[in-house]
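Breakdown of the fold
Listed below, chain by chain, are the residues.
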Amino acid sequence: MTVTEERSVTEVGSPRRRKEDGRLVTGRTRWTDNISLPGMLHLAMVRSPMAHATITSIDVEAAKSSPGVVAVFTGADLGDEQGSLPCAWPITADQKAPPHPSIAVDTVNFAGEIVACIVARSAVAAKDAVELVDVEYDDLPVVVDMAAAAEGGNLTHPDLGTNVSATWVFDSAEAGTGGNVEDAIRDAEVLVERTYRQQRLIPAFMEPRSVVCDPTGEQTTLWSATQIPHILKLMLALTCGISESKLRVIAPDVGGGFGGKLQVTPEEVITLVVSRRLGKPCKYTETRSESLLAGHHGRDQIQKLTLSATREGIVTGLKVDLLADMGAYLGLVTPGVPILGAFMYNAIYKFPAYRFECRNIFTNKNWTDAYRGAGRPEATFAIERLMDELAVEIGVDPLEIRERNWIKHEEFPFSTVAGLEYDTGNYEAATARAKELFGYDALRAEQRERRESGDPVQLGIGVSTFTEMCGLAPSRVLGALSYGAGGWEHASIRMLPSGKVEVITGSSGHGQGHETAWSQIVADRLGVAFDDVEVLHGDTQISARGLDTYGSRSLTVGGMAVVAAADKVIEKARPIAAHLLEANADDLEFTGGKFNVRGTDSSIGIGDLALAVFAAHNMPDGVEPSLDAEATFDPENFSFPHGTHLCAVEVDTETGETKIRSYVCVDDIGKVVNPLIVEGQVHGGLVQGIAQALWEEAVYDDSGTLVTGSFVDYLVPSAADLPHFTTDRTESPSSTNALGVKGVGEAGTIASTPAVVNAVVDALRHLGIRDIEMPCSPHRVWSALQHRDGDGSSSGADTPTEKTFVDDDADPSHNAQLSGEGSGSGAAEQGGLA
Amino acid sequence: MIPVAFDYTAPSSVADAISALGSDSEEIKVLAGGQSLIPVLRLRLAAPTLLVDIGRIPELRGITDEGDAVVIGAMTTHAEVADSDLVKEHAGVLAKATETVADPQVRHRGTLGGSLVHADPAGDLPAPILALDAELVIAGADGERTVPAANFFHDMFATAVGDREILTKVRIPKHTGWGAHYEKFTRVAQQWSIVAVAATVKVDGGSISAAKVALTNMGATPIRATGVEQALLGRAAAGDTVKQAASSAAEGTNPPTDTNGDASYRRHLANVLTRRAVLAAAAS
Ligand SMILES: Cc1cc2nc3c(=O)[nH]c(=O)nc-3n(C[C@H](O)[C@H](O)[C@H](O)COP(=O)(O)OP(=O)(O)OC[C@H]3O[C@@H](n4cnc5c(N)ncnc54)[C@H](O)[C@@H]3O)c2cc1C
């Protein structure tokens, strides 16, 4: 039947409007906060204003007698029942971690930590009583600066005896994946040493976190605005000592997460424990202020980098010394975030030697954890900034330096110095296309003119040729990295008697468009109509198995599970079709939703088969009356999207203001299921990455108070701040999964940050600027220009240093006499103009 | 967030509003467009016991031509001010500043009177009002009084309007034929001014015959850059002369330091933005 056939070849790849958008965009759907249950109580949290203190007393009497208040709980009241919040990723055997009660018991370790919980008959009554709780604190020394904390001094957790939670090392010489970095540095002709700071960021998802718990009945049901209903169910059971089978977790529609809802939160544990204690449904919804203060933060690393190269600009080694600020506690995957970056510093390049060492540091701040890209944006930023600096040293164009070092398309599959196997890619093609769309040469010419005329507004061009590892993750790899779970995903398909299809996925979408993409895949695979596919997710009683949504994994892992389940449905249907068509199963072919007897016009559609199986009147002997199937997919390898991003900025040297003039990106994400969804992911990702480069920063003062505690100070951009994005794609299908897909959720975020900062620095390079710390605010740019007589860097205390070998006999003892200053701006001009 | 409970009344005349303000409720607040007050209440930074909503008093709303002045009722919204031909023609710098306030939603609720009485140092409307030498009419139990803009702004969030008084209208002497510009510096589009400059100038035959310049967020209150105004008089409306005159813009200011910049950066910005504002005003 031609209609079906046409549709079946066009669904995947077509820019379908997202079927979930009607309800998500209008908000007319079930969010956690609009769940209202009979007799439901409301919680409000009392939070510590102190960053580090001993709790000497808590007086809750006034709060308890406030109108409408049912109970007030302190940490001591919850006792053992609250357990310790879980960290699923002990990166080393000797990793140090403090106990992490949901309600602090003796001490508070960051400002915003919960010290008591009010339970009342209304949200207003709960809120009113918060101010009545009288907590007395005894100050302890506050540890804010991670670099100082790493060296000793005051301790975040005196009981641990150190501020270092763990030290994790990857060395290509030890791993057998490459040479020894110290040798490369010793023998280097050119050495680039830099220190970059990844500022702390706040995920700032649209829907604040919310949780409702109903303990009525045999099973306790917990709704949460979470990315991870399945992991949450298991972790809550383990944390609170409840049988896993007595818990049901539901993530209804969820308004974004960006990693910020990849967590087991104190608020979830408290709501669960309190509702079970009182035998009443309870709800807690955070305010935006609480969300910024106490929802986990992201990034916050200091990267000390040493890149060695030949005079021709061929990189010979890269050494990374990382400090990662954990904040006060280890959240679900906190310690592993820098490790996810460890495999990406070599990026798209053929580095022969690599060493990565990371120290995870405790400070008295909110804890950090996964945030869009988790580890990989940091790594990509570092290497893409360094490649620009190397280009300047060598005196060639930044695209040229990359080409000299990148993996050529004919060299795939390629085993990297970090031990990964990149399956496919074509950096040449993406770069050529991006250059063309960007008008690279014309912009360079304009830049030259502006420099020569001393225009107060200078033009800068930034490059980022990124790759990332997506599709988290092969379970065996996670095992090797000591992660507490696997990386598979599950799907099942139910064929309904009316011919409709229910797809149940373990990927828990929260705005990505799973329902549309999965429908397209299944429509093609089973030859049914797009609108006849219903995708169900997020309820652990419906979607019993799953590992949820993060790390650009949904399509590459979850989508593949859906494919596998659909294929099983077809195989289950085949003998039944043969029976009904009175044909041999081997003579059947399945196309366009129908089984055909080859060479005849005898056929039966999958929908008719579903009805026949439902009736079960006429089944072949020994075959169960069900077409339903389930599958679990564990990827063999990661996937490796890549792309070339080019950004032009105008920097006003009078005010320091940066405006993005144009932005071009050509991404290679393999095969595309829905180009409209891809476009949305790329745009949103770009905005988040650009925001790190220019606007966002979570700032703490010396007493550990979050200064950027509202959107007045934490600058999230809007459409008005951004240029038109010119996007295109090249396509090197992934060979590690049958769909050929690679993942796109994090691409824009990972790629764009260095493109923008490289552009800002490029605009000012001829004025002696070598770095601007993120976010590149007008104030920072202006200050750098005021102080440019120094070493050309703006990062103050954290000044990067540079050594360059210029003499012919590359004797390392000559290191000391070679200053970065002269070579910095001189070579800069050549590099920038080449 | 949920405000602390309060009583609410919505009088329909200024007289009734004044008597409501005279009631013995402990802490009374006037509610205008609510765009500053409601966030303050929701964050529980204030807990008034009674709100007097002046949004239903017709006499507080509207823009009228009174001969040598344009008179704007306190409850006139930002959107109405920015759209008004009278304001554009006779008080251009106020129209231009008002266009930069927040977003369309906020501009359709927020009012001129609310902005002036709220007196946020980073608010955009106090500076043009000061630059235009406006007069502000305040009603209280003892009747009406008029305060010149120069005496209206007392401190951060503090004005000549007393607790039990209402700002009823703003009288702006006509600046017909003056060029006007409001130069606002922010990092993202939706942001309060880091620094901004309101400039309105009269140009005769290529030279500046009168100039009024006021600064936003260079101290606790808006500040007139009188040194700049004087230096501009009789000078050509051209790059170098204006730059020279603008270089004293930050003199005597006391700008804040925050995550957007320190005081010395703001002083520098004030000079640059003043030059740009004056040149743009002269060219408009
Ligand atoms: C998201 C957002 C962004 C914003 N951005 C900007 C910006 O960029 N620039 C800017 O200038 N402003 C900005 N604002 C503030 C906005 O301009 C407000 O409209 C203004 O500050 C207050 O006006 P209102 O009518 O809403 O007053 P309200 O909030 O109702 O009142 C403010 C205060 O003034 C008092 N008050 C109000 N009217 C009178 C009166 N007639 N007599 C006596 N007392 C009175 C109230 O008691 C209260 O204390 C923003 C607001 C929001 C919500």
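Residues numbered from 1 in each chain as written. Chains lettered and ligands numbered in written order. Predicted model: local features only at pLDDT ≥ 70, side-chain atom pairs only at ≥ 80, totals over all residues. Heavy atoms only, no water.

**Examining the confidence of the model for chain B**
Considering every residue of chain B, the mean pLDDT works out to 97; 100% of them sit at 70 or more. Complex prediction metrics read pTM 0.94 and ipTM 0.96. (pLDDT = per-residue confidence, 0-100.)

**Overview of the site of the ligand**
All names here are of chain B. Neighbouring the ligand are 31 residues; Val30, Gly34, Ser36, Leu37 and Thr111 lie closest to it. One of the backbone nitrogen or oxygen atoms of Val30 is found 2.5 Å away from an oxygen atom of the ligand. Protein chains bury 89% of the 970 Å² of accessible surface belonging to the ligand in isolation. Those elements that provide at least two residues to the shell around the ligand are β2 (28-31), α7 (112-118) and β10 (166-173). Sorting elements by how many residues they give to the shell around the ligand places α7 first, with five residues. (Near = heavy atom within 4 Å. Polar contact = N/O pair within 3.5 Å; in protein donor to acceptor, adjacent residues only side chain to side chain. Areas by Shrake-Rupley, 256 points an atom, 1.4 Å probe, with all protein chains shown as cover. Helix = DSSP H or I, 4+ residues; strand = E, 2+ residues; numbered from the N terminus.)

**Observations regarding unusual backbone geometry**
All names here are of chain A. A cis geometry characterises the amide bond from Phe412 onward to Pro413, with omega recorded as -5°. Within the secondary structure layout, Pro413 lies in the loop between α14 (398-405) and β16 (414-415). Note that the residue after Met774, namely Pro775, is joined by a cis bond; omega there is -10°. A positive phi angle, near 75°, is found at Asp300, a position not held by glycine. Residue class for Asp300 comes out buried when judged on its relative accessible area of 6%. A positive phi is found at Glu582, a non-glycine position, where the angle reads about 50°. Locating Glu582 in the fold gives a position in the loop between α19 (554-581) and β22 (588-591). For Glu582, a relative accessible area of 74% corresponds to the exposed category. (Buried < 20%, exposed > 50% of the residue type's maximum accessible area, 1.4 Å probe, protein only.)

**Side note on the pairing of strand β7 (residues 164-171) of chain A**
Residues and elements named next belong to chain A. The buried fraction of β7 is high, at six of eight residues. In the sheet, β7 pairs with strand β15 (residues 354-362) via seven bridges, with the strands oriented antiparallel. Each residue of the ladder has a partner; that of Val164, found in β15, is Ile361. (Pairing = 2+ DSSP bridges.)

**Some points on the domain arrangement of chain A**
Much of the literature gives interface size as the accessible area that the parts lose upon coming together. Residue and element names in this part refer to chain A. Its domain assignment divides chain A into domain 1 (170-202 + 296-471 + 637-818) and domain 2 (488-633). For domain 1 versus domain 2, the distance between C-alpha centres works out to 42 Å. Contacts between the two partners involve 18 residues from domain 1, matched on the other side by 15 residues from domain 2. On the surface where domain 1 and domain 2 come into contact, there are zero salt bridges. For the interface between domain 1 and domain 2, the tally reads four residue pairs in polar contact (both at pLDDT 80 or more). Its residues assigned to classes, the side of domain 1 that touches domain 2 comprises seven nonpolar, seven polar and four charged. (Domains from an automatic or database assignment. Contact = heavy atoms within 4.5 Å. Salt bridge = Lys/Arg side-chain N within 4 Å of Asp/Glu carboxyl O. Nonpolar A, V, L, I, M, F, W, Y, C, P; charged D, E, K, R; others polar.)

**Observations regarding the packing of helix α10 (residues 239-246) of chain B against helix α11 (residues 263-283) of chain B**
Residues and elements named next belong to chain B. Put simply, α10 and α11 touch, their axes get as near as 8 Å, and they point 135° apart. Taken together, the axis directions place α10 and α11 in an arrangement best described as oblique. In this structure, α10 crosses over α11, and the sense of that crossing is right-handed. Between α10 and α11, the residues in contact are Gly239, Val242, Lys243 and Ala246 and Asn271, Thr274, Arg275, Val278 and Leu279, respectively. (Axes fitted to C-alpha atoms, helices over the stretch in contact; angles between N-to-C directions. Parallel < 35°, antiparallel > 145°, perpendicular 65-115°, else oblique. Left-handed = near helix turned anticlockwise from the far one by under 90°.)

**Topic: the pairing of strand β20 (residues 501-505) of chain A**
Within a regular strand, the side chains alternate between the two sheet faces. Residues and elements named next belong to chain A. Across the five residues of β20, five count as buried, placing the element largely inside the fold. Bridge count between strand β19 (residues 489-495) and β20: five bridges; the pairing is antiparallel. Bridging from a neighbouring strand, Met495 pairs with Val501 of β20.

**As for the pattern of salt bridges**
Residues and elements named next belong to chain A. Here the structure, examined in full by the defined rule, presents 70 salt bridges over all chains. Put simply, Lys365 and Asp300 hold a salt bridge, and the shortest N to O gap is 3.8 Å. Taken together, the residues Lys365 in the loop between β15 and α13 (376-394) and Asp300 in strand β13 (residues 298-309) connect sequence positions 65 residues apart. Between Lys671 and Glu731 there is a salt bridge; the shortest N-O distance is 3.2 Å. Residue Lys671 is found in the loop between β27 (658-668) and α21 (675-694), and its partner Glu731 is found in the loop between β28 (725-730) and α22 (747-764); the two are separated by 60 residues along the sequence. Accessibility expressed as a relative area gives 40% for Lys671, which makes it partly exposed. Ionic contacts of the salt-bridge type, sharing partners, join the residues Arg47, Arg209, Glu267, Glu286 and Glu290 into one network.

**Observations regarding a negative patch on the surface**
Residues and elements named next belong to chain A. Together, Asp59, Glu61, Asp134, Glu136, Asp138 and Asp139 line one region of the surface with negative charge. In terms of residues, the negative patch owes the most to one element, strand β6 (residues 134-139), which gives four residues. Relative to the helices and strands, Asp138 is located in strand β6. The exposure class assigned to Asp138 is partly exposed, which follows from its relative accessible area of 44%. (Patch = residues over 30% accessible without salt bridge, like charges linked within 9 Å, V, L, I, M, F, W, Y side chains within 5 Å. Lys, Arg positive; Asp, Glu negative; His and termini not counted. Charge placed at Lys NZ, Arg CZ, Asp CG, Glu CD.)

**A closer look at a nonpolar patch on the surface**
A grouping of Met1, Leu43 and Leu45 of chain B is seen on the molecular surface, where their side chains present a nonpolar patch of about 280 Å² in accessible area. With respect to the helices and strands, the residue Met1 of chain B is situated in the segment before β1 (7-9).

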